[in-house]
Amino acid sequence: MRLLRNPALWAVVGLSLVASARGGDQPLAKLQGVPFTDVAIADAFWAPRIETNRTVSIPLSLAKLDEYGNLANLDLAARGAKSGYKGPVFMDSDLYKALEAASYSLAAHPDPVLDKKVDEVIARIASAQQADGYLDSWFTVNAPDRRWTNLRDQHELYCAGHMFEGAVAHFRATGKRNFLDVATKLADHIEAAFGPGKRMGYPGHPEIELALIKLAKAAGEDRYAKLAEFFINNRGKHFFAEEHHTDPARYDGTYWQDDVPICDHKNIKGHAVRAAYLLSGATDVAARTGDPALLKMINRVWRNTTEKNMYITGGIGPSAHNEGFTQDYDLPNRSAYQETCASIALAQWNHRLALLYGDARFADVYERSLYNGVLAGVSLDGKRFFYVNPLESVGRHHRSDWFSCACCPPNVTRTLASLGGYAYANDADSLWVNLYIQGSVKAKFGGKDVTFDVKTDYPWDGSVAIAPKVDAPTTFALRLRVPGWCEGATVAINGEPVSSPMTERGYFVVARTWKPGDVAKLDLPMPVRRVAANPNVEADRGLLAIQRGPIVYCLEGVDAQADLASLYLPRDASLTPDKSSDLGGIVALKGEARSVPAPKWDRTLYRTVGEGDATPIRAIPYYAWDNRKPSPMKVWLPTEPSPGTAGVGEKAARVTMSHVSSNAQTEGANDGVVPPRSNVTPPVNSHWWPRKGTEEWLQYAWDSPRTFSSSKVYWFDDTGRGECRVPSSWRLEYRDNGTWKPVEARGPYKLALDGWNEVAFAPVTTDALRLVVQLPQGWAAGVHEWTVQESDEE
């Protein structure tokens, strides 16, 4: 049997998909996704998470949105208030996503209490809508005379898009038009303003494009879809340069995917969530129009994304600086941004491509995202959320109960609530099975509804039984996706193996006249796999990751008997699946690694590195990390002993801070990343925000005393976009028998931007130093890098 894709490629590279993408010339399948309302999920993996989402996360989201002022902002707009707005300009969008999630939940689980709550919120939204259909609480309260004057930055069209998605979901779930009528009134307002012969423009944050396609279908208004085409086809005309009076010769629209005409894009770029939402909208438009140039661009950028810019966990966007992309193969682990919303957007885009082409490699991508990057975005108890998803942590990165920029939590809830919609697709002759989830699905063949019962313990086991419930012989095909990670897949009908099964675009095609009692049995072997990254991924050279089935694994310090930094996993080490009751009933992987303590390199040029001692390890699914006590975590593991880190100065220190928020990490202070300017957002940010005007400290500690004589600091200052400024003052202190004392400085403590601020002092011998900072009144402060220099004197 030879599939169209090469599974061995996944074994070696882990991320690479088949390189023979056929671009816009590939025939379009234009499948119909089976609605999640026709899918019953009754397994041990997804069903509990969906129930937690319904009973915990969705109510929590609605309560938090009330607490943080999202609803109050709409009330202010309804009353005509001109002050009092709280939060960022896009606060409305988070509420719309939460309503979308609640609507999906109502469709699957009717709930009079939730239904009443949703209607009450919709009434408050409707009250905030202006007579001409306009609805955006930030502008109505703060700047009613500046509507549509800053499409690049102010998120009006983005908020509208999320409203349209929420309204369509509510209409489909309940049949009520109360939310849909608000949405179409706003859509009419926008359509009257923008389009051919009207205003030029498109959103700085794409989203409305895909939402307009949904709204067009629900409302039966094709002009909404034509407006989506207008927004897509005009992107790249440098409208934002004109809007902001920027010299076109000096304009760089990369961040907004506005640097070149839409069909000229060659790679994924800019802000990750914006990029994937834009490509989702472009795919929807291409499905309508069949535009060959647009299709070729989409396939070209998809290859660049999946072959050079996607994490093994199915996430995208490595950089905190732009919440997006840098250059190909830049996939750092500890500083990985990999926003939860970006993983969701990648899954949405690939779901659209799977429907458009009927090609399993697109479903491979969204399966990878859903089981790893997306699912990691919410804790097992449904109460805490990740915004940023690193692939390595020293134990200080944790989920939060909410965020001031709360785009991720309601995005996770709407994805989990509609998960069944990713699983199946159909055309007139076939049911396409893309995700293997126990339960049932309903599809129509020959004018008759056919229900398929699915039995499986996927993703822990690759055995899948699918039984069509037919009353009489019925002809159709089952198209069963053979995942790109799988080798040796087999299929049987009623216990009889199918030799050399027909395979098209990564699917086993089982076409026959099905009779009552027939059962198709798919077997997907799930050995533990060692996965390497392309050698161009510098961060992963010499390292391997662990994958079994679609699940990417990690080591967490809470399971280890040795420091994770000291561990290496020999290539021949055995790893055995172990069904566990903890963490929601996972299959963990147990085995043996070796531990080599980091050598001490003080005043030493060469050392012998031994093999170390054997130590038991337990790997857990990446999505399940940070659900127990805080501890370090690693996805990528060395296969040989590591020489450790040169143990001089700050590199050998343990770092602590007086305060660390959800978007700060202590290791940013000594990661060696020196910026060109103070206002550059670093990959790992070390600051004291949101504290302001207080005295704070950053501390380095060592296992044994050392002698220091100078230090220098590079300040972080994000004036113009954030709340960190240069401190009012600073000083250095050293620990002497448990007491903190000031060093004897031999010069002033400088406060310069865009460079090092160095101070020499009388040598001190100590096991800890502190950088003590007075935050400016009304402002926070942060540190790009803090270095300490050891004395060369004996």
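You'll find the structure just up there.
The shown structure was predicted, so the numbers you read here are calculated from the model rather than taken from an experiment.

What counts and what doesn't
Sequence order sets the numbering: in each chain, residues are counted from 1 along the sequence as written. Per-residue local features of the predicted model are confined to residues with pLDDT of at least 70, and side-chain atom pairs are confined, for both listing and counting, to 80 or more; whole-chain, interface and lining totals are unaffected and use all residues. As a rule here, side-chain values cover all heavy atoms of the structure and leave hydrogens and water aside. Grouping buried Ala, Val, Leu, Ile, Met, Phe, Trp, Tyr and Cys residues that are joined through side-chain atoms within 4.5 Å yields what is termed a nonpolar core. Exposure is judged per residue with a 1.4 Å probe applied to protein chains only, and the accessible area is read against the type maximum: over 50% gives exposed, under 20% gives buried, and values in between give partly exposed. A contact between two residues is defined here by any heavy atoms of the two lying within 4.5 Å. For two strands to count as paired, DSSP must find a minimum of two bridges between them. In this text, helices come from DSSP runs of H or I with a minimum length of four residues, and strands from runs of E with a minimum of two, each type numbered from the N-terminal end. For this analysis, a ring pair means two rings from Phe, Tyr or Trp (six-membered ring only for Trp) whose centres lie within 6.5 Å, classed as stacked if their planes differ by under 30 degrees, edge-to-face if by over 60, and tilted for the remaining angles. Geometrically, a lysine NZ or arginine CZ counts as sitting over a ring once it is within 6 Å of the ring centre and also within 35 degrees of the ring normal. Salt bridge, as used here: a side-chain nitrogen of Lys or Arg that lies within 4 Å of a carboxyl oxygen of Asp or Glu.

(A) Quick look at the nonpolar core. Within the largest apolar cluster, 207 residues are counted, with the highest numbers of intra-cluster contacts made by Ile 125, Phe 164 and Ile 190. Discounting residues that sit within four places of it in the chain, Ile 190 has contacts with Trp 148, Leu 157, Ala 160, Phe 164, Ile 208, Leu 227 and Phe 231.

(B) Spotlight on the sheet that holds strand β10 (residues 490–493). Taken in spatial order, the seven strands of this open sheet run β2-β6-β7-β8-β14-β10-β11, and their pairing is antiparallel. With partners counted over all chains shown, the strands left at the sheet margins are β2 (39–41) and β11 (496–497), one partner each. With four bridges connecting them, strand β8 (residues 463–469) and strand β14 (residues 520–523) associate as antiparallel partners. Its bridge partner lying in β14, Ala 465 is registered against Lys 521.

(C) Region of the structure containing the packing of aromatic side chains. Using the criterion set out here, one finds 37 aromatic pairs in the structure. Ring centres of Tyr 357 and Phe 362 lie 5.7 Å apart, and the angle between their planes is 25 degrees; on these two criteria the pair is classed as stacked. A relative accessible area of 0% means that Tyr 357 is categorised as buried. Sitting over the face of the ring of Tyr 134, Arg 147 holds its NZ or CZ atom 4.1 Å from the ring centroid. Sitting over the face of the ring of Trp 779, Arg 725 holds its NZ or CZ atom 3.8 Å from the ring centroid.

(D) Just the pattern of salt bridges, in detail. For the structure shown, the criterion picks out 48 salt bridges. In this structure, Lys 116 engages Glu 120 in a salt bridge whose closest nitrogen and oxygen atoms are separated by 2.6 Å. Within this pair, Lys 116 and its partner Glu 120 are both found in helix α5 (residues 112–128), separated by four residues, close to a single helical turn. Connected via shared salt-bridge partners are Asp 188, Glu 191, Lys 198, Glu 221 and Arg 223.

(E) Inspection of the sheet that holds strand β5 (residues 430–433) at higher detail. Strands sit in the order β1-β4-β5-β9-β13-β12 across an open sheet of six strands; the sheet is mixed. In the strand order of this sheet, the two ends are held by β1 (32–33) and β12 (503–504), each with one partner. Sheet topology note: the β1/strand β4 (residues 424–426) ladder contains two bridges and is antiparallel. Bridge pairing in β4 places Gly 33 opposite Ala 425.

Everything listed is a geometric property; what it means functionally is a separate question.
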